[in-house]
Amino acid sequence: MPLIDNAVYVDGARIADPTSLDQTFEYLRAKGGLGWIGLLRPTNDELTTVADEFGLHRLAVEDARTGHQRAKLERYGDTLFVVLRPAWYEDATETVEFGELHVFVGRDFVVTVRHGDAPDLSHVRSRLETEPELLARGAEAVLYAILDEVVDQYEPVIRGVENDIDEIEDALFSDTRMALSRRIYELSSEVIAFQRGTQPLAGMLDALQRGGEKYGVDVELQRLLRDVADHVIQVTDRIASFRAILTNALTVNATIVTQRQTETALEQNDQVKKISGWAAILFGPSLVGAIYGMNFDHMPELHWALGYPFALALMAATSLTLWRIFKWRKWM
């Protein structure tokens with residue numbers, strides 16, 4: 001069912017639960033009040049019906065129909081169109097997931113459009129229904145409550161990302177560094193997406209506050225919006241610090257990897273030098289032995305009595321000389 005929840009409120013009290021959009025429109029025409037319509041994956045016809053009834057701008061309706069919008073606030077006459085990017089942290093996969101919520105706010109109606117299961121606005125509706133004095137302030141009160149809920153849900157995401165960053169920092173200088181660069185990169189991508197979803201909120205709330213007097217928004221609601229704006233600033237500041245920490249972590253990780261690769265290369269180079277040195281030392285005796293082992297009839301010193309001791313001495317002298325040279329050059 002695309003119609004998730006549908007109600008009409010008068011003076012903050014829920015007076016009707018229409019089962020269809022047509023019934024909602026009839027109640028509003030007959031008794032006035034505030035209509036709050038919640039839609040999940042609505043069809044084109046359903047969105048068109050709502051748009052025709054409340055006079056929604058076609059560009060806003062097209063954005064709500066297609067989805068994949070950035071967080072923003074746009075005003076079309078007396079109607080506000082708000083796009084929010086709720087976020088939640090998946091403990092099982094240690095990832096940040098994002099939703100998308102479209103909100104149309106008019107003088108006597110609120111329409112919420114979701115293309116995914118999150119966020120669940122039932123908590124917002126329940127909260128407002130237990131605070132009729134707040135809900136009686138009109139459609140802007142519903143918008144405030146939705147903004148407050150979305151911003152509050154950023155806090156568990158902040159804690160989850162903070163915990164991931166702590167784990168990365170612990171792993172940076174440990175010996176177990178498997179796939180650490182990939183984890184830092186993935187978390188950086190999540191933080192950037194998180195930043196894109198939250199950064200526009202400060203400007204959106206500032207615009208709502210500046211338009212408060214012009215459009216007759218309740219003074220208490222303006223105070224509540226300022227409180228949400230303060231929370232948004234705290235969230236965006238922490239996300240900005242996360243991004244800086246992850247950038248530094250990626251740099252440090254790359255430096256450590258390069259350093260370890262260099263140390264490994266130098267160690268391998270030392271081993272190659274040692275192997276080459278010993279090969280050269282063994283080459284001297286092998287050369288002398290090869291020459292004197294050819295057994296030709298006419299060779300110098302072939303019948304010399306001291307030929308054998310001389311060959312051994314020459315081998316030893318050659319090996320010792322090469323060893324001292326390599327030792328002096330620190331190859332051995």
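Residues numbered from 1 in each chain as written. Predicted model: local features only at pLDDT ≥ 70, side-chain atom pairs only at ≥ 80, totals over all residues. Heavy atoms only, no water.

Let's talk about the pairing of strand β8 (residues 101–105)
Applicable threshold: Categorising residues by exposure relies on relative accessible area from a 1.4 Å probe, with only protein chains included: less than 20% of the type maximum marks a residue as buried, more than 50% marks it as exposed, and the intermediate range marks it as partly exposed. A run of DSSP states H or I qualifies as a helix once it reaches four residues; a run of E qualifies as a strand once it reaches two. Both are numbered from the N-terminal end. Any two strands are treated as partners once DSSP identifies two or more bridges connecting them.
The buried count for β8 comes to five of five residues, which makes it a mostly enclosed element. Burial along β8 is two-sided: Leu101, Val103 and Val105 facing one way and His102 and Phe104 facing the other are all buried. Summarising the sheet, strand β5 (residues 79–84) and β8 pair through five bridges and their orientation is antiparallel. Across the sheet, Leu84 pairs through a bridge with Leu101, a residue of β8. Pairing geometry for β8 and strand β9 (residues 109–114), over five bridges, is antiparallel.

Things to note about the side chain of Asp63
Using the following cut-off: By the convention used here, residues are in contact when the closest approach between their heavy atoms is within 4.5 Å.
For Asp63, the location among the structural elements is in helix α3 (residues 58–66). The exposure class of Asp63 is buried, given its relative accessible area of 15%. Residues contacting Asp63, with those up to four places away along its chain left out, are Gln69, Lys72, Glu74, Phe81 and His102.

Considerations on the nonpolar core
Quick note on the threshold: Residue types Ala, Val, Leu, Ile, Met, Phe, Trp, Tyr and Cys, when buried and joined through side-chain atoms within 4.5 Å, form a set referred to as a nonpolar core.
Ranked by internal contacts, the top residues of the largest apolar core, which has 59 residues, are Leu84, Ile146 and Leu147. Residues in contact with Ile146, not counting those within four places in the same chain, are Trp36, Leu84, Leu101, Val103, Thr112 and Val124. Among the nonpolar cores identified, the runner-up in size contains 22 residues, and Leu47, Leu56, Val61 and Phe109 belong to it.

Here we look at the pattern of salt bridges
Opposite charge on two side chains allows them to pair when their charged atoms are near. Note the following rule: The salt bridge definition used is simple: a Lys or Arg side-chain nitrogen within 4 Å of an Asp or Glu carboxyl oxygen.
The tally for this structure, following the rule as stated, stands at 17 salt bridges. Between Arg29 and Glu53 there is a salt bridge; the shortest N-O distance is 2.6 Å. With a gap of 24 residues between them, Arg29 in helix α1 (residues 21–31) and Glu53 in helix α2 (residues 44–54) connect regions that are remote in the sequence. Of the residues examined, Glu53 reaches a relative accessible area of 28% and is grouped as partly exposed. Between Arg107 and Asp78 there is a salt bridge whose closest N-O contact spans 3.5 Å. You can see Arg107 sitting in the loop between β8 and β9 and its partner Asp78 sitting in the loop between β4 (72–76) and β5, a full 29 residues away along the chain. On the basis of relative accessible area, Asp78 is assigned to the partly exposed category, the value being 45%. Sharing partners across several salt bridges, the network here consists of Asp5, Arg14, Asp17, Arg125 and Glu129.

Focus on the packing of aromatic side chains
Put simply, the rule is: Any two of the Phe, Tyr and Trp rings considered here, Trp counted by its six-membered ring, make a pair once their centres fall within 6.5 Å; the pair's planes then place it as stacked at under 30 degrees, edge-to-face at over 60, or tilted in between.
Applying the stated criterion to the full structure yields five aromatic pairs. Ring centres of Phe25 and Phe54 lie 5.5 Å apart, and the angle between their planes is 90°; on these two criteria the pair is classed as edge-to-face. Here Phe54 lies in helix α2 and Phe25 lies in helix α1, a separation of 29 residues in the sequence. You'll find Phe25 and Phe54 in the same group, each marked buried. A centroid spacing of 5.3 Å and a plane angle of 65° characterise the contact between Tyr154 and Phe194, whose relative ring orientation is edge-to-face. Placement of the pair is Tyr154 in helix α7 (residues 154–172) and Phe194 in helix α8 (residues 180–210), with a sequence separation of 40 residues. Each member of the pair, Tyr154 together with Phe194, is buried. Site record: aromatic cluster; members linked through ring pairs are Phe25, Phe54 and Phe109.

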